[in-house]
Amino acid sequence: MVPISHVIGLSALLFMIGVAGVATRRNLIVVLMSIELMLNAVNLAFLGFNRMWADVDAVHRYDGQVFVLMVITVAAAEVAVGLGIVISMFRNRDSVNLEDVSLLKW
Amino acid sequence: MTALQVLFYAFAALALVSALGMLFNVRNAVAAAMSLVVTMVSLAGIYVLLEAHLVAAIQIIVYAGAIVVLFLFVVMLLNLRADEFAPGRQWPTKTAALLLVVAAGAHLVRIVSAELPEPAVPPAGFGGYALLGIALYTDYVLLVEMASLLLLAAIVGAVILAKRKLD
Amino acid sequence: MPVEVVVKTVFIILVIVGALAPVITWVERKQSAVMQDRIGANRADVAGITLLGLLHPAADVLKLLSKEDVVPLGANRFMHLISPLIAAVPAIVAFGVIPFGGVYHFGDTTLSLVVANPDWGLLYIFAIGSLATYGVVMAGWSSNNNWSLLGGMRASAQMISYEVTMGLAVVGVFMVFQTLKLQDMAVAQDTTFRLLGFLDRLFGIPVPAWLDWLRLPAWGIFYQPLGFLMFLTAIMAENKRPPFDTPEGESEIIAGFHLEYSGMRFGLFYMSEFIEVVVIAGLVATMFLGGWAIPWLSTATIIGGVGSVFGTGFATGLCILLHFLTFMLKVVVLIWLQMALRWTLPRFRYDQVMDLCWKILLPLSLANIFVTALVMLIAGSPS
């Protein structure tokens, strides 16, 4: 089995790629996909540590995996509502470009 | 290098390459979404290597099989065209990006070379649906109920947001 | 061990994908012809022998292979090329967990006629069924065609909706058999249960012992009749077969998502639909109709009865043959059923398809889970 630090390193790399996507892309849908990538990276970190502490007492043995299931649930809910917002935005402004919804920017 | 280690590094490389593909695929939102699918499926492979079998199956069924299809559906519904990277002040942005990459690289080296304890030997059936299901519905039943309430709120919210105006 | 897996895989690819799927195209033509009181396609011949039209699948393949491969102008070439693969591979790979025969013991080796029997067998079917959506979606998008896009969008919405119902419909089966492994489900259906047993377990009315001979095979359809109907509906909708073929509605959106495909690429889409017909038949047979198990004649009875006369080795070999033939018979019956449904019912309207999923099948499947749990709580697990 690989050292768990490699798993955490992969998780960190994926998280950084996700952050780069959120920071630089202008298409709102791609920003949402980058957020999904960040959530996936976090899931990987949870599962890596869950595997490391797999022989802890029975009450807390599945903490990591249950948390990952909750993160997947939250991600599904967030994608549903986020895409609803994208559709509303497109109906109002005919564009999903982030720079077209910058009315509140100074 | 055992076969499992080779598999892990192969999946990791695939996940990284397709994540970068999603990041740099400016012209085509559908291609970016497909790269994300490849990332998620390779991550599911890594989850199986980490003895989280039910979570890997749920990752493919829910994440790769439904959430990204939802993204694709919206992309096709809105018939989106090409995108560009944010323009802006070129040299300050590029310098800041380079410095961030260097700092992140240093942190990454520190993370990867950390001395974490050896992974423990998991008990039999670890990560399978039976034991995880029992844990979910006995110790974490409150979380499951809250998750179902959250999903209900999300369903209602998404339906209302996507409805046309009632006039 | 790997040799065994390779042999089984080659068998599946040669027999099921290579031989059974083309025969189903013949079945579709002949069965529809019989149902519609006409003769059907019977002109393809080799030196004058027509063989009732059985040479038409071969003629079809030759025709498709010789056609020009057209990629429309402005289409995304890479996605256009790989979409048929992404649609076809999940259909073929699903055979990996469907058991063709039971578990047999030859001395101290065990032969199990299934390619793989992982702990999460049924979840594997759902996972690759989810991935099959992408072939259709990418085909619709990459063809640079309004009708294809419409077909692709309809297909994606329909497929992900019916995946939910498909999963919930089999939770009842999962609860009754207490396992996700398909081979174990088939083994659990290899026995019988008392027909009037429910009186005893649910209501406490004692059943006289002389009625114990009245037994039904312990098939999933007797434990979960509503689950059987819902699963069959949901997985036929997942396969985009008529009456659920709005994504390829021929009279509305020309050919939907496979509009811009010609030659063998269209052949791959066409074939993957028929291979999935066999997958559906195999899955429904395994979960609800006892799989390879012969009703009222369990493996132990055969091996005990025939083995005492002819020896255990011969009895086990006979068992393998009988079980495989039984499984094939059930698959053929279910294929006939799907074809009959296809040629009887007209295509549903798109909003009817969505209504059926979310407003009828989803509440029913949740009620099914609830009632199954209640019955299991009162009666104890089946035996």
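Residues numbered from 1 in each chain as written. Chains lettered and ligands numbered in written order. Predicted model: local features only at pLDDT ≥ 70, side-chain atom pairs only at ≥ 80, totals over all residues.

Tell me about the overall build of chain B, residues and numbers included.
From N to C terminus, chain B includes six helices and zero strands. Burial statistics for chain B: of 167 residues in total, 35% are counted as buried. Residue pairs at least 24 apart in sequence account for 61% of intrachain contacts in chain B once pairs closer than 6 positions are excluded. (Helix = DSSP H or I, 4+ residues; strand = E, 2+ residues; numbered from the N terminus. Buried ≥ 20, exposed ≤ 12 C-beta atoms within 10 Å, placed from the backbone. Contact = placed C-beta atoms within 7 Å.)

Now, about the interface of chain B and chain A: what can you tell me, with residues and values included?
Between chain B and chain A, the contact holds 67 residues from the first and 58 residues from the second. Elements with a contribution of two residues or more to the side of chain B that touches chain A: α1 (3-24), α2 (29-49), α3 (53-78), α4 (90-112), α5 (129-138) and α6 (141-162) of chain B. The dominant element in the side of chain B that touches chain A, judged by the number of residues it contributes, is α3 of chain B, at eleven residues.

Account for the domain arrangement of chain B, naming residues and giving values.
A common way to report how large an interface is uses the accessible area buried once the components associate. All names here are of chain B. The domain boundaries assigned to chain B delineate domain 1 (1-84) and domain 2 (124-167). Measuring from the centre of the C-alpha atoms in domain 1 to the corresponding centre in domain 2 gives 22 Å. Between domain 1 and domain 2, the contact holds four residues from the first and five residues from the second. Residue composition of the side of domain 1 that touches domain 2, grouped by class: two nonpolar, one polar and one charged. (Domains from an automatic or database assignment. Nonpolar A, V, L, I, M, F, W, Y, C, P; charged D, E, K, R; others polar.)

Pulling in residues and values, what's your account of the packing of helix α6 (residues 146-169) of chain C against helix α15 (residues 350-379) of chain C?
Residue and element names in this part refer to chain C. Direction vectors running N to C along α6 and α15 enclose 15°, while the axes themselves pass 9 Å from each other. Compared by their axis directions, α6 and α15 come out roughly parallel. Two packed elements cross with a definite hand, and for α6 against α15 that hand is left-handed. Residues R154, Q158, S161, Y162, V164, T165, L168 and A169 of α6 lie in contact with α15, whose contacting residues are Y350, V353, M354, C357, W358, L361, L362, S365, L366 and I369. (Axes fitted to C-alpha atoms, helices over the stretch in contact; angles between N-to-C directions. Parallel < 35°, antiparallel > 145°, perpendicular 65-115°, else oblique. Left-handed = near helix turned anticlockwise from the far one by under 90°.)

So what about the interface of chain B and chain C? Which residues, and what values?
Tallying the contact residues gives 17 residues for chain B and 20 residues for chain C. For the side of chain B that touches chain C, a count of residues per class yields 13 nonpolar, four polar and no charged.

Let's hear about the pairing of strand β1 (residues 103-106) of chain C: which residues, and what values?
All names here are of chain C. Two strands pair when backbone bridges link them, and β1 and strand β2 (residues 109-112) are joined in this way by four bridges, in the antiparallel orientation. Residue pairing for β2: F106 is matched across the bridge by T109. If you look at the hairpin formed by β1 and β2, you'll find two residues sitting between the two strands, and G107 has a positive phi there, around 70°. (Pairing = 2+ DSSP bridges.)

Summarise α15 of chain C; cite the residues concerned and give the values.
Residues and elements named next belong to chain C. Counted at 1.5 Å a residue, the expected span for α15 with its 30 residues is 44 Å, and the 41 Å between its end C-alpha atoms agrees. Where α15 bends most, at L361, the angle is about 35°, and the proline P363 comes one to four residues later. Within α15, burial applies to V353, C357, L361, S365, N368 and T372. Each element contacted by the buried residues of α15 is listed here: α6, α7 (171-177) and α11 (225-238). (Expected span 1.5 Å × (residues − 1). Bend = angle between axes of the 7 residues up to and from the residue.)

I'd like a description of the environment of F348 of chain C, backed by residues and values.
Residues and elements named next belong to chain C. Position of F348 among the secondary structure elements: in the loop between α14 (312-344) and α15. What makes F348 partly exposed here is the crowd of 18 C-beta atoms within 10 Å. Once the C-alpha coordinates of F348 and G96 are considered, the two residues, 252 residues apart in sequence, prove to be 32 Å apart. Discounting chain neighbours no more than four positions away, the residues touching F348 are P243, F244, T246 and V353.

Quick one: what's the story with the nonpolar core, residue by residue and with numbers?
Note that soluble globular proteins tend to have their nonpolar side chains buried in a common cluster. With 169 residues, the main nonpolar core has L14, I29 and M33 of chain A, A33 and V68 of chain B together with V278 and V284 of chain C as its most contacted residues. With 18 residues, the top contributor of residues to this core is α3 of chain B. Two domains each provide a minimum of three residues to this core, namely domain 1 (1-84) and domain 2 (124-167) of chain B. Every residue in contact with A33 of chain B, bar those within four places of it in the chain, is listed here: M33 of chain A together with V68, F71, L72 and V75 of chain B. (Core = buried A, V, L, I, M, F, W, Y, C linked by C-beta atoms within 7 Å.)

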